[in-house]
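Chain by chain, the residues:
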Amino acid sequence: MFEYEIHRTRHAELVRRADEARLARDVVQARRAERRRARHAAAETESHRPRQRRHRFARVA
């Protein structure tokens, strides 16, 4: 009976650790996804190179 109780205790601890690891992994994935969305939104609003709308120097006619 004693061995069975040890088995149940170990099993419960393993299940607890697996749940904690799963939650931690989910948090990390959510953070990465949020950063990815923020980068994507920033890329849509600004180009990575500023473009000039007019020529720097006026044309000589």
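I will try to describe carefully the structure that is included in this document. (Residues numbered from 1 in each chain as written. Predicted model: local features only at pLDDT ≥ 70, side-chain atom pairs only at ≥ 80, totals over all residues. Heavy atoms only, no water.)

### Concerning the overall build of the protein chain
Then comes step 1: Scanning the protein chain from N- to C-terminus turns up one helix and zero strands.
Then comes step 2: Here the protein chain, with 61 residues, has 2% of them falling under the buried criterion.
Then comes step 3: Carbon and sulfur atoms make up 53% of the accessible area of the protein chain, which amounts to about 7,000 Å² in all. (Helix = DSSP H or I, 4+ residues; strand = E, 2+ residues; numbered from the N terminus. Buried < 20%, exposed > 50% of the residue type's maximum accessible area, 1.4 Å probe, protein only. Areas by Shrake-Rupley, 256 points an atom, 1.4 Å probe, with all protein chains shown as cover.)

### Some words on the pattern of salt bridges
Then comes step 1: A complete count under the given rule lists four salt bridges for this structure.
Then comes step 2: Across the pair Glu13 and Arg16 runs a salt bridge whose closest N-O atoms are separated by 2.5 Å. Here Arg16 and Glu13 lie together in helix H1 (residues 2-45), a separation of three residues that amounts to about one turn.
Then comes step 3: The class of Glu13 is partly exposed, set by a relative accessible area of 32%.
Then comes step 4: The class of Arg16 is partly exposed, set by a relative accessible area of 45%.
Then comes step 5: With a shortest N-O distance of 2.7 Å, Arg22 and Asp19 are connected by a salt bridge. Here Arg22 and its partner Asp19 are both found in helix H1, three residues apart, which amounts to about one turn of the helix.
Then comes step 6: The class of Arg22 is partly exposed, set by a relative accessible area of 40%.
Then comes step 7: Since its relative accessible area comes to 34%, Asp19 is described here as partly exposed.
Then comes step 8: Taken together, the shared-partner salt bridges connect Glu13, Arg16 and Arg17 into one network. (Salt bridge = Lys/Arg side-chain N within 4 Å of Asp/Glu carboxyl O.)

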